[in-house]
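# Breakdown of the fold
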Amino acid sequence: MKTIITIGRQFGSGGKEVGIRVAKELGIPFYDKEILQEAAKKSGLCEKILENFDERPKSLLYSIAMDSYMFALPGTGAGDSLEQQVYLATFNTIRHLAGQGPCVIIGRCADYALADNPNHLSIFVHAPMEDRIRRVAKRQNLTPDKAKTLINKTDKRRASYYEYYSSQRWGAVDSYDFCLNSSYLGLSGTVELVRSLVEHREHPIPSPTEEDPTEK
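Keep in mind the model is a prediction, meaning the values are calculated, not measured.

## Quick word on the confidence of the model for the protein chain
Mean pLDDT for the protein chain: 88, with 85% of residues reaching 70 or above. A low-confidence stretch, residues 60-79 (pLDDT under 50), is modelled with 23 contacts involving residues beyond four sequence positions or located in other chains.

## What to know about the sheet that holds strand β2 (residues 30-31)
Spatial ordering of the open sheet is given by β2-β3-β1-β4-β5, a layout of 5 strands whose pairing is parallel. The open sheet has two edge strands, β2 and β5 (178-181), and neither has a second partner. Along the sheet, helix α1 (residues 15-26) makes contact with β1 (4-9), β2, β3 (103-106) and β4 (120-126), crossing β3 at roughly 170 degrees.

## Points about the packing of helix α2 (residues 34-43) against helix α5 (residues 82-99)
In the contact formed by α2 and α5, the axes pass within 9 Å of each other and the chain directions differ by 105 degrees. It follows from the interaxial angle that α2 and α5 lie roughly perpendicular. Only Ala89, Thr90, Thr93, Ile94, His96 and Leu97 of α5 make contact with α2, whose side of the interface consists of Ile35, Glu38, Ala39, Lys42 and Ser43.

## With respect to the packing of aromatic side chains
Scanning all chains against the criterion turns up 8 aromatic pairs. Summarising the aromatic geometry, the rings of Phe124 and Trp170 are spaced 5.1 Å apart at their centres and angled 90 degrees between planes, so their arrangement reads as edge-to-face. Within this pair, whereas Phe124 is found in strand β4, its partner Trp170 is found in the loop between α8 (144-166) and β5, the two being separated by 46 residues in sequence. Just as Phe124 is buried, Trp170 falls in that class too. Taken together, a centroid distance of 5.9 Å and an interplanar angle of 20 degrees make the contact between Tyr162 and Tyr176 stacked. You can see Tyr162 sitting in helix α8 and its partner Tyr176 sitting in the loop between α8 and β5, a full 14 residues away along the chain.

## A few points about the nonpolar core
Among the nonpolar cores identified, the biggest contains 21 residues, and Ile4, Tyr31, Ile35, Ile94, Ile105, Leu114 and Trp170 are the most heavily contacted of them. Elements that contribute at least two residues to this core include exactly α5, β3, α6 (110-113) and α8. Residue contributions to this core peak at 5 residues, all from α5. Leaving out residues up to four positions away in the same chain, Leu114 has contacts with Ile4, Thr6, Ile94, Arg95, Ala98, Ile105 and His120. With 18 residues, the next largest nonpolar core counts Ile5, Ile28, Leu180 and Leu187 among its residues.

## Digging into unusual backbone geometry
For Asn141, which is not a glycine, the phi torsion comes out positive at approximately 55 degrees. Position of Asn141 relative to the elements: it lies in the loop between α7 (129-140) and α8. Residue classification places Asn141 among the exposed residues on the basis of a relative accessible area of 72%. A positive phi angle, near 60 degrees, is found at Ser167, a position not held by glycine. With respect to the helices and strands, Ser167 occurs in the loop between α8 and β5. Assessed through its relative accessible area of 68%, Ser167 is described here as exposed.

## Some points on the environment of Arg195
Inspection of the secondary structure assignment puts Arg195 in helix α9 (residues 182-202). Residue Arg195 is classed as partly exposed on the basis of its relative accessible area, which comes to 31%. Leaving out residues up to four positions away in the same chain, Arg195 has contacts with Glu25 and Leu26.

Conventions adopted
- Residues numbered from 1 in each chain as written.
- Predicted model: local features only at pLDDT ≥ 70, side-chain atom pairs only at ≥ 80, totals over all residues.
- Heavy atoms only, no water.
- pLDDT = per-residue confidence, 0-100.
- Contact = heavy atoms within 4.5 Å.
- Pairing = 2+ DSSP bridges.
- Helix = DSSP H or I, 4+ residues; strand = E, 2+ residues; numbered from the N terminus.
- Axes fitted to C-alpha atoms, helices over the stretch in contact; angles between N-to-C directions.
- Parallel < 35°, antiparallel > 145°, perpendicular 65-115°, else oblique.
- Phe/Tyr/Trp six-rings, centres within 6.5 Å; stacked < 30°, edge-to-face > 60°.
- Buried < 20%, exposed > 50% of the residue type's maximum accessible area, 1.4 Å probe, protein only.
- Core = buried A, V, L, I, M, F, W, Y, C linked by side-chain atoms within 4.5 Å.

In structure tokens:
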């Protein structure tokens with residue numbers, strides 16, 4: 001197997017669970033927060049700093065407050081903002097992990113980082129708002145109104161991050177290979193669909209040769 005699967009997801013769509021289950025069933029590594037741990041080791045950045053900027057859009061005030069941190073890091077210049085360093089550390093780590101073999105990577109512009117990888121399959125998981133509210137409310141013990149507020153806030157943050165660094169639209173059909181509604185088949189059905197996509201990619205079915213009508 002060669003396929004590297006990247007999954008973008010709306011908050012509450014079950015995209016992370018789909019990724020975990022796909023990785024487990026295919027017997028390949030799953031990377032989410034592990035990316036931050038690896039990026040911290042390779043870049044010298046504090047893991048807490050990476051967590052603070054994880055999938056977050058540029059924040060002028062926070063960036064100004066944290067930029068002094070950069071002067072303590074070797075190999076960084078005054079022109080390198082902390083946000084740029086965090087993004088590059090994450091970007092390079094994603095490419096490094098993908099270079100080790102097939103895996104599932106969640107979020108963090110991974111599809112953009114691996115756009116030139118011939119073994120890459122990019123997926124975006126979405127779901128109707130009412131299903132996402134129900135899932136988030138149950139998971140985090142929130143009222144439906146609070147769950148909806150958290151969903152909108154998280155989606156806005158992820159979209160801003162993705163669109164700033166990739167110059168592509170978050171969740172748009174032309175930004176990914178496939179956009180999947182996890183409510184249509186359910187999480188188990190979505191997992192099976194992703195596995196089918198991988199299987200087809202690994203072992204494509206030859207198209208039948210079309211007859212030339214002029215030869216009849």
